[in-house]
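# Architecture at a glance
Below are the chains, spelled out letter by letter.
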Amino acid sequence: MQELSSEAGPIGIFDSGYGGLTILHGIRQLLPQYDFLYLGDNARAPYGPRSFDVVYEFTRQAVVRLFEMGCHLVILGCNTASAKALRTIQQNDLPKLDSSRRVLGIIRPTAEVIGQLTTSRHVGVLATEGTIKSESYTLEIQKLYPDIVVSGVACPFWVPLVEYNEADSPGADYFVKKRIDQLMLLDPNIDAIILGCTHYPLLMPKIVKYVNPGIRIVPQGEYVAESLKDYFLRHPEMEQKCTKNGMVHYLTTENPDKFKESAQIFLHEDVEVKNIILA
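Residues numbered from 1 in each chain as written. Predicted model: local features only at pLDDT ≥ 70, side-chain atom pairs only at ≥ 80, totals over all residues. Heavy atoms only, no water.

### Considerations on the sheet that holds strand β9 (residues 248-252)
Read from one edge of the open sheet, 6 strands run β4-β3-β1-β2-β9-β10, paired in parallel fashion. Edge strands, defined here as strands with exactly one partner in the open sheet, are β4 (102-104) and β10 (273-275). Within this sheet the neighbouring strands show an average axis-to-axis angle of 20°, counted without direction. Looking at chain direction, strand β3 (residues 73-76) and β4 are connected through 3 bridges and run parallel. Its bridge partner being in β4, Leu73 is matched across the sheet by Arg102. (Pairing = 2+ DSSP bridges. Helix = DSSP H or I, 4+ residues; strand = E, 2+ residues; numbered from the N terminus. Axes fitted to C-alpha atoms, helices over the stretch in contact; angles between N-to-C directions.)

### Here's the deal with helix α11 (residues 221-234)
A rise of 1.5 Å per residue sets the reference length of α11, with its 14 residues, at 20 Å; its end C-alpha atoms lie 20 Å apart and thus fit the reference within 8%. Of all the positions in α11, only Gly221, Tyr223, Val224, Ala225, Leu228, Tyr231 and Phe232 are classed as buried. (Expected span 1.5 Å × (residues − 1). Buried < 20%, exposed > 50% of the residue type's maximum accessible area, 1.4 Å probe, protein only.)

### Quick word on the nonpolar core
Counting residues in hydrophobic clusters, the biggest one holds 52 residues, and the most contacted among them are Leu21, Ile27, Leu126 and Tyr250. When near neighbours in sequence (up to four residues on either side) are disregarded, Tyr250 contacts Leu21, Leu24, Arg28, Tyr38, Phe259, Leu267, Val271, Glu272, Val273 and Lys274. Listed in part, the 25 residues of the second largest apolar core include Leu4, Phe58, Leu66 and Val74. (Core = buried A, V, L, I, M, F, W, Y, C linked by side-chain atoms within 4.5 Å. Contact = heavy atoms within 4.5 Å.)

Okay, structure coming up:
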């Protein structure tokens, strides 16, 4: 690993694919003045079915690279990486790499806010298989709110629907309705549903269509953004290490042209992107 610069740098945002772009979008809406460096490990996506060890190793490689490129703060804009790698990186790697740098996830901010969004104290989670199997949302929510009952359902076809630009297609209705019905069958008292995958906000019109009125849908982007704003207020020393020119740069381990095409689906804007190799 190369020597790390102490100069201020962009906020790093890492995801296994494209979903983290919804996290980036949410943060930019609230904090547009900051610089961001987005890294998508698209060549090795999806992370969901991979083991804890493999997700940890891939995520660690990305974090190290973002540190080397000047980031003092890295946000894992990926639920699978947050579930399977965050704690190990925070506890084992940061003390060795640079104890002044920080890596944050996106599960905790959502867990923190959910207590204010449910009246029945019954919460649902729709996510990838890896996130559901990890039980990360259940663990984080019940640490903060032991009275909340959490039920989760994996939605294996939802990510491809988004990435193949089929989110608005009639065929998407079947897969969205099926998983929502499955969740509500598990617990009919659910009054708030967390979208525990960063792709899922792009399916929001379909989700709203099949969720009963009165049930709160909780996408992550805005809550992660609010949490980051609060983090900077509590940690001004880290805020000062983040540059503010309103710039965003994009990196992908896949074909840049493919990334540009897919990023258009998530951001509705053209982006410039460079290829990068992680190892």
